[in-house]
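Structure at a glance
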Amino acid sequence: EILIGLVGSEMCIRDRYKEPIETRITKKEISVQDRMIWIRDVLKEKKRCPFEDLFDIVSRESCIATFLAILEMCKQKEIGLEQQDRFGAIWVERIV
């Protein structure tokens, strides 16, 4: 009886939406500059933090933008990276 009820409910829902539902999927652009600003804000609160804490948004675009921001900030000598042991934790430290 439950199975017949579920099938009937599914058919009613399908009949209700014969017209395709209009949807729009958009990508949120994440810039390297925005991630640099965010990293600066994080490091204002605490002078150093674990590298992985800077990857707060789990998306491919965000990870790439964050990684590029870290590289650019290292190049500009705004932050430093420290790893004490091989395969150990990487720490990001504010220099300026």
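Here the structure is shown first, and the text comes after it.
Attention in this report is confined to the structure presented alongside it.

The rules behind the values
- Residues numbered from 1 in each chain as written.
- Predicted model: local features only at pLDDT ≥ 70, side-chain atom pairs only at ≥ 80, totals over all residues.
- Heavy atoms only, no water.
- Axes fitted to C-alpha atoms, helices over the stretch in contact; angles between N-to-C directions.
- Helix = DSSP H or I, 4+ residues; strand = E, 2+ residues; numbered from the N terminus.
- Parallel < 35°, antiparallel > 145°, perpendicular 65-115°, else oblique.
- Left-handed = near helix turned anticlockwise from the far one by under 90°.
- Contact = heavy atoms within 4.5 Å.
- Pairing = 2+ DSSP bridges.
- Core = buried A, V, L, I, M, F, W, Y, C linked by side-chain atoms within 4.5 Å.
- Buried < 20%, exposed > 50% of the residue type's maximum accessible area, 1.4 Å probe, protein only.
- Phe/Tyr/Trp six-rings, centres within 6.5 Å; stacked < 30°, edge-to-face > 60°.
- Lys NZ or Arg CZ within 6 Å of the ring centre and 35° of its normal.
- Polar contact = N/O pair within 3.5 Å; in protein donor to acceptor, adjacent residues only side chain to side chain.

So, the packing of helix α2 (residues 32-45) against helix α3 (residues 60-75)
Where α2 contacts α3, the axes come no closer than 8 Å and their chain directions differ by 70 degrees. One way to sum up the angle between α2 and α3 is to call them roughly perpendicular. Once α2 is placed against α3, the crossing between them reads as right-handed. Between α2 and α3, the residues in contact are Val32, Arg35, Met36, Ile39 and Arg40 and Ser62, Ala65, Thr66, Leu68, Ala69, Ile70, Glu72 and Met73, respectively.

A closer look at the environment of Leu54
When you line up the elements, Leu54 lands in the loop between β1 (48-50) and α3. C-alpha separation for the pair Leu54 and Val42, spaced 12 residues apart in sequence, amounts to 8.2 Å. In this structure, Leu54 is in contact with Arg35, Trp38, Ile39, Val42, Cys49, Thr66, Ile70 and Val92, ignoring residues within four places of it in sequence.

Quick look at the pairing of strand β3 (residues 90-94)
With three bridges connecting them, β1 and β3 associate as antiparallel partners. Each residue of the ladder has a partner; that of Pro50, found in β3, is Trp91. Across five bridges, strand β2 (residues 79-83) lies against β3 in antiparallel orientation. Counted as the bridge partner of Ile79 is Arg94 from β3. The antiparallel pairing of β2 with β3 creates a hairpin that spans six residues between the two strands, and Phe87 there sits at a positive phi of about 65 degrees.

Considerations on the sheet that holds β3
Overall, antiparallel pairing links the three strands, which are arranged β1-β3-β2 in an open sheet. Edge positions in the sheet fall to β1 and β2, since each has one partner strand and no second. Ignoring which end each strand starts from, the neighbouring axes of this sheet average 25 degrees apart.

Here's the deal with the nonpolar core
With 12 residues, the main nonpolar core is built from Met36, Ile39, Val42, Leu43, Cys49, Phe51, Leu54, Ala69, Ile70, Met73, Ile79 and Val92. Of all the elements in the fold, those that place two or more residues in this core are α2 and α3. Top element by residues in this core is α2. It accounts for four residues.

So, the packing of aromatic side chains
Taken as a whole and judged by the stated rule, the model has one aromatic pair. The side chain of Arg35 reaches across the aromatic face of Trp38, ending 4.4 Å from its centre.

Things to note about the side chain of Arg35
Checked against the element boundaries, Arg35 lands in helix α2. Looking at Arg35, its side chain comes within polar contact range of the main-chain oxygen of Leu54, at 3.1 Å. Here Arg35 is in contact with Ile30, Leu54, Asp56, Ile57, Ser62, Ala65, Thr66 and Ala69, once residues within four sequence places are set aside.

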